[in-house]
Amino acid sequence: MIPLDIFDEPSNKPPIRIMKQSFRGFLFIIYMTFQLSLLIVSAKLVLNDMNLEIYKALLFIYLYFNIISTLIQAHKITSKAQQDEDQQSYCKKCKINRDEQTHHCKICGYCVIQMDHHCFYISNCVGRDNYRYFVAYLIYSNILCITLLIALSDQYIYLYKLQISKLSYSFIKLVYTIFGAFIFHIFTTYMIIVQLYILANDSSLINMKKNNRQKYSKAQFAFSLYKAKLWKKIWKVWKKRSIDFNYLFP
């Protein structure tokens, strides 16, 4: 839930809003620099030295979903929505009626249909039209990191024993790639678990924070992971939200 607290719908108070926006911009620059440098170093290491075909395919799919989830704008409401009056709330900034799944993003400056959160990692709102691509981006990022860590596993023993002369690749590039891949693996694993939790509750990140209503508490969700009923629920909600994109292929 940390990204929501820091990056979504900043306060109307100018000092707080400016502070959050500056912090968000600073972290975004650091993240993009780290991500691009890791992609370049790992690509040179794996493609030039190892020529790993599966990595090439995963790298292409990862870049595809990264770009498409960034470029596809989450669907916004620009006119009055036709909803039942009981389910509507009025947005004073956009001057429109909206349902409970639609929220105003103060970063993007408009109301987003089925808004999940504003993700600073893709510098875009995650909503109805790009949610499926965002989830695919997380999953393929995770698989890419796992593949990279496995491909370099034969070098771990030399690093552990500090036998640098026996390494097949540059020590600095190797350590940087392994460290970066591990960090991204942990982060994307966490984000995937968060999205599974959201799907299990048929909700969104921002709704769960604002309304605090969920079928599964965090403890209930953790202790229900082995139950088929939970996964059937997740699959049902995913099919509804993914819009004919159930199997995560480009």
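The paragraphs below set out a description of the structure included in this document. (Residues numbered from 1 in each chain as written. Predicted model: local features only at pLDDT ≥ 70, side-chain atom pairs only at ≥ 80, totals over all residues. Heavy atoms only, no water.)

1. Quick word on the packing of helix H3 (residues 53-71) against helix H4 (residues 131-151)
No. 1: Look at H3 against H4: their axes get within 9 Å of each other, and the N-to-C directions meet at 150 degrees. When the axis of H3 is compared with that of H4, the two are roughly antiparallel. Our pair here, H3 against H4, has a crossing hand that is left-handed. Contacts from Ile54, Tyr55, Leu58, Leu59, Ile61, Tyr62, Phe65, Asn66, Ile68 and Ser69 in H3 reach Tyr133, Phe134, Ala136, Tyr137, Tyr140, Ser141, Ile143, Leu144, Thr147 and Leu148 in H4.
No. 2: Residues of the contact of H3 with H4, tallied by class, amount to 16 nonpolar, four polar and no charged. (Axes fitted to C-alpha atoms, helices over the stretch in contact; angles between N-to-C directions. Helix = DSSP H or I, 4+ residues; strand = E, 2+ residues; numbered from the N terminus. Parallel < 35°, antiparallel > 145°, perpendicular 65-115°, else oblique. Left-handed = near helix turned anticlockwise from the far one by under 90°. Contact = heavy atoms within 4.5 Å. Nonpolar A, V, L, I, M, F, W, Y, C, P; charged D, E, K, R; others polar.)

2. Examining the nonpolar core
No. 1: Phe65, Phe134, Tyr137 and Leu174 are the most contacted members of the largest nonpolar core, which totals 55 residues.
No. 2: Per element, the largest residue contribution to this core is twelve residues, and it comes from H4.
No. 3: Counting six residues, the second largest nonpolar core, distinct from the first, contains Cys105, Tyr110, Met115 and Cys125. (Core = buried A, V, L, I, M, F, W, Y, C linked by side-chain atoms within 4.5 Å. Buried < 20%, exposed > 50% of the residue type's maximum accessible area, 1.4 Å probe, protein only.)

3. Things to note about helix H6 (residues 171-200)
No. 1: Spanning 30 residues, H6 covers 43 Å between terminal C-alpha atoms, matching the ideal 44 Å at 1.5 Å per step.
No. 2: A positive phi of about 50 degrees marks aspartate 202, the residue just after H6. (Expected span 1.5 Å × (residues − 1).)

4. Focus: the pattern of salt bridges
Here the idea is simple: oppositely charged side chains can pair when their charged atoms come close.
No. 1: Counted by the stated rule, this structure contains two salt bridges.
No. 2: Aspartate 129 is the salt-bridge partner of arginine 128, the closest N and O atoms lying 3.3 Å from each other. (Salt bridge = Lys/Arg side-chain N within 4 Å of Asp/Glu carboxyl O.)

5. Points about the packing of aromatic side chains
No. 1: Taken as a whole and judged by the stated rule, the model has eight aromatic pairs.
No. 2: A centroid spacing of 5.3 Å and a plane angle of 65 degrees characterise the contact between tyrosine 197 and phenylalanine 221, whose relative ring orientation is edge-to-face. Note that tyrosine 197 is positioned in helix H6 and phenylalanine 221 in helix H8 (residues 218-222), a separation of 24 residues in sequence.
No. 3: Of the aromatic side chains, those joined through ring pairs into one cluster are Tyr64, Phe65, Tyr133 and Tyr140.
No. 4: The side chain of arginine 241 reaches across the aromatic face of tyrosine 131, ending 3.9 Å from its centre. (Phe/Tyr/Trp six-rings, centres within 6.5 Å; stacked < 30°, edge-to-face > 60°. Lys NZ or Arg CZ within 6 Å of the ring centre and 35° of its normal.)

6. A word on empty space enclosed by the protein
No. 1: Here the structure, examined in full by the defined rule, presents one cavity of 30 Å³ or more.
No. 2: Within this model, the largest cavity holds a volume of roughly 170 Å³.
No. 3: Around the largest cavity, the lining comprises 16 residues; the ones closest to its centre are Leu38, Tyr62, Leu144, Cys145 and Phe184.
No. 4: Elements supplying a minimum of two residues to the lining of the largest cavity: helix H2 (14-50), H3, H4 and H6. (1 Å grid on protein atoms, 1.4 Å probe; cavity = no way out; pocket = protein on both sides within 12 Å on 5 of 7 lines; lining within 4 Å. Points joined across faces, edges and corners; volume = space filled by probe spheres on them.)

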